[in-house]
Amino acid sequence: KRTTTEYACTSANGVIERSLISTDNYFYLVCLLGHFTPECCPEFLKEDTFHQLKAGGVDRIHIKTSSFLEQLCKRKYTKVVLMDHVDWAWQTSYVEELALALEKHVVSGGCIIFRSASINPPYADVFRAHGFDIRCISRITDEAHGGFIDRVNMYSSFWVGHRR
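Residues numbered from 1 in each chain as written. Predicted model: local features only at pLDDT ≥ 70, side-chain atom pairs only at ≥ 80, totals over all residues. Heavy atoms only, no water.

Quick look at the pattern of salt bridges now. Considering all chains together, one arrives at five salt bridges under this definition. Close ionic contact of Asp24 with Arg151 constitutes a salt bridge, the shortest N to O distance being 3.7 Å. Remark: Arg151 occurs in the loop between strand 3 (132-139) and strand 4 (157-163) and Asp24 occurs in helix 2 (residues 21-24); sequence separation between them is 127 residues. Residue Arg128 pairs with Asp125 through a salt bridge whose shortest N-O separation is 2.7 Å. Of this pair, Arg128 and Asp125 are both found in helix 7 (residues 124-129), three residues apart, which corresponds to roughly one turn of the helix. (Salt bridge = Lys/Arg side-chain N within 4 Å of Asp/Glu carboxyl O. Helix = DSSP H or I, 4+ residues; strand = E, 2+ residues; numbered from the N terminus.)

Along the chain, Gly110 turns up in strand 2 (residues 106-116). We classify Gly110 as buried; its relative accessible area is 3%. C-alpha separation for the pair Gly110 and Arg163, spaced 53 residues apart in sequence, amounts to 5.3 Å. Residues within four places of Gly110 in sequence aside, it is in contact with Thr78, Gly161, His162 and Arg163. (Buried < 20%, exposed > 50% of the residue type's maximum accessible area, 1.4 Å probe, protein only. Contact = heavy atoms within 4.5 Å.)

Taken in spatial order, the four strands make up an open sheet running 1-2-4-3, and their pairing is mixed. The open sheet has two edge strands with one neighbour each: strand 1 (77-83) and strand 3. When strand polarity is set aside, the average angle formed by the axes of neighbouring strands in this sheet is 15°. Direction of pairing for strand 3 relative to strand 4: antiparallel, over a ladder of seven bridges. When the sheet's bridge partners are listed, Ser138 is paired in strand 4 with Phe158. Sheet strands in contact with helix 6 (residues 94-105) are strand 1, strand 2, strand 3 and strand 4, and its direction is about 145° off that of strand 2. (Pairing = 2+ DSSP bridges. Axes fitted to C-alpha atoms, helices over the stretch in contact; angles between N-to-C directions.)

Here is the structure:
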């Protein structure tokens, strides 16, 4: 188990050593400057993409105001991106509810992906128990990554689970 100081230092170190904030890390640049720059901004703010959105692409975006579980249970999926939200609720009954819903609504051969602030998130075992072969794709401690998983670098591990 890592201390908060170790977690914070590892995150900052990786960003500072492995990315150029001024041109390749808009996540931190916007915090430092208070705005994006044309050279360092999310894809949707780049001129070409912005014009595509203005030309009708934005009409394909659908806003949902219900819970993640409610939307998940409306249909079947081949891929579900959980991001890191399970980290926030792993000690509650939500994880069991989510795992059960994923078991029912992710088709055989489908996959889930998630990232975690934990090197070994305890809820991975709950997903295993509900029909997923879970494996870690990368950990911040892996020598190959040198303490840098992505440009935000606040996550310690990245996982994929395939539905049996």
